[in-house]
Amino acid sequence: MGLLDAILGRGKPVPPDLDRLFGLPAAAITLQAGAGFVPTGAGSVCFAGVEGGAFARVRDDVRDLLDADTDRGGTPVAFTRDAYGYTWLLARHPADDTASLVNDLHAVNTLLQDAGFGPHLLCSLVGFRDTAAERDLALVYLYKRGTFYPFAPLPGTAERRDNALELQVRALLADDLPIEDDLSRWFPLWGAPGIGAPKEGGGNG
């Protein structure tokens, strides 16, 4: 199953409820207390890029919106394109300011949705790390489903995931977030911006 099939699903889409993203700061507290994972301060939005001046203008609007505080010490956003051709926007905030990071992710999704690019939005994620165990985790929001799922890549170069940890996180966050019931839509986002150690460089997508 491809990324688009897994994320969009084949059934009738659920109307997006972007305000569900605001449940992430509380989930972060639960995750730290129950599993030892702390926010990294990184998060990203994935969307299927389209050509044309209208989309380019929207992308510039997104950059201007999120880069507005760079003169006060904020980190500029970064656009990259993955091997599948999807565009990722990476935002960073201090690790202890998950609320501001979520506000940025919500703003990006809202801007693209209001500009008519909602059908191109795929997912958003927030990164976490258990430093002691050197484990990474992401909480992924599926735009078309209005649900979340945990993605836990195992350390190393092989593309393997920690299924036991993902199921543990599902149970842990059941009262904080609407968790996706269909495990086939828990798609592995290998190498996604916002998961693991920050990568230097990157294109404009």
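Up top is the structure these notes are about.
Bear in mind the structure is a predicted one, so any value in this text is a computation, not a measurement.

About the thresholds
Residues numbered from 1 in each chain as written. Predicted model: local features only at pLDDT ≥ 70, side-chain atom pairs only at ≥ 80, totals over all residues. Heavy atoms only, no water. Helix = DSSP H or I, 4+ residues; strand = E, 2+ residues; numbered from the N terminus. Contact = heavy atoms within 4.5 Å. Polar contact = N/O pair within 3.5 Å; in protein donor to acceptor, adjacent residues only side chain to side chain. Salt bridge = Lys/Arg side-chain N within 4 Å of Asp/Glu carboxyl O. Buried < 20%, exposed > 50% of the residue type's maximum accessible area, 1.4 Å probe, protein only. Axes fitted to C-alpha atoms, helices over the stretch in contact; angles between N-to-C directions. Parallel < 35°, antiparallel > 145°, perpendicular 65-115°, else oblique. Left-handed = near helix turned anticlockwise from the far one by under 90°. Nonpolar A, V, L, I, M, F, W, Y, C, P; charged D, E, K, R; others polar. Arc of directions from axis to C-beta. Pairing = 2+ DSSP bridges.

1. Brief notes about the environment of Ser124
- Relative to the assigned elements, Ser124 resides in strand β4 (residues 121-130).
- Linking Ser124 and Val102, residues 22 residues apart in sequence, is a C-alpha distance of 9.7 Å.
- Sequence-distant contacts of Ser124, that is, excluding residues within four places in its chain, are made with Ser44, Val45, Asn109, Leu139, Val140 and Tyr141.
- In terms of polar contacts, Ser124 uses its side chain to reach the side chain of Asn109, at 3.0 Å.

2. Description of the pattern of salt bridges
- Evaluated as defined, the whole model comprises 6 salt bridges.
- Linking Arg129 and Asp136 is a salt bridge whose minimum nitrogen-to-oxygen distance equals 2.7 Å.
- Judged by its relative accessible area of 26%, Arg129 falls in the partly exposed class.
- Across the salt bridge formed by Asp130 and Arg135, the nearest N and O atoms sit 3.2 Å from each other.

3. Re the packing of helix α2 (residues 24-35) against helix α5 (residues 163-172)
- One can describe the packing of α2 onto α5 by two numbers: an axis separation of 10 Å at closest approach and a directional angle of 125 degrees. Here α2 is positioned oblique relative to α5, judged by the angle of their axes. At the point where α2 passes α5, the crossing takes the right-handed sense. Contact residues: Thr30, Leu31, Gly34 and Ala35 in α2; Gln168, Val169 and Leu172 in α5.
- Across the contact of α2 with α5, the residue classes break down as 4 nonpolar, 3 polar and no charged.

4. Structural notes on α5
- Along α5, the residues that are buried comprise Leu165, Glu166 and Val169. The arc that holds every buried residue of α5, seen down its axis, measures 100 degrees, which confines them to one face. Pointing more than 90 degrees away from the buried face of α5 are the exposed residues Ala164 and Ala171.

5. Let's talk about the pairing of β4
- The buried fraction of β4 is high, at 9 of 10 residues.
- The pairing of strand β1 (residues 38-48) with β4 spans 7 bridges and is antiparallel. Directly across from Gly43, in β4, lies its bridge partner Val126.
- Across 8 bridges, β4 lies against strand β5 (residues 135-142) in antiparallel orientation. Opposite Cys123, over in β5, you have Leu142 as the bridge partner.
- In this antiparallel pair of consecutive strands, β4 and β5, the connection spans 4 residues, and Glu134 shows a positive phi of 55 degrees.

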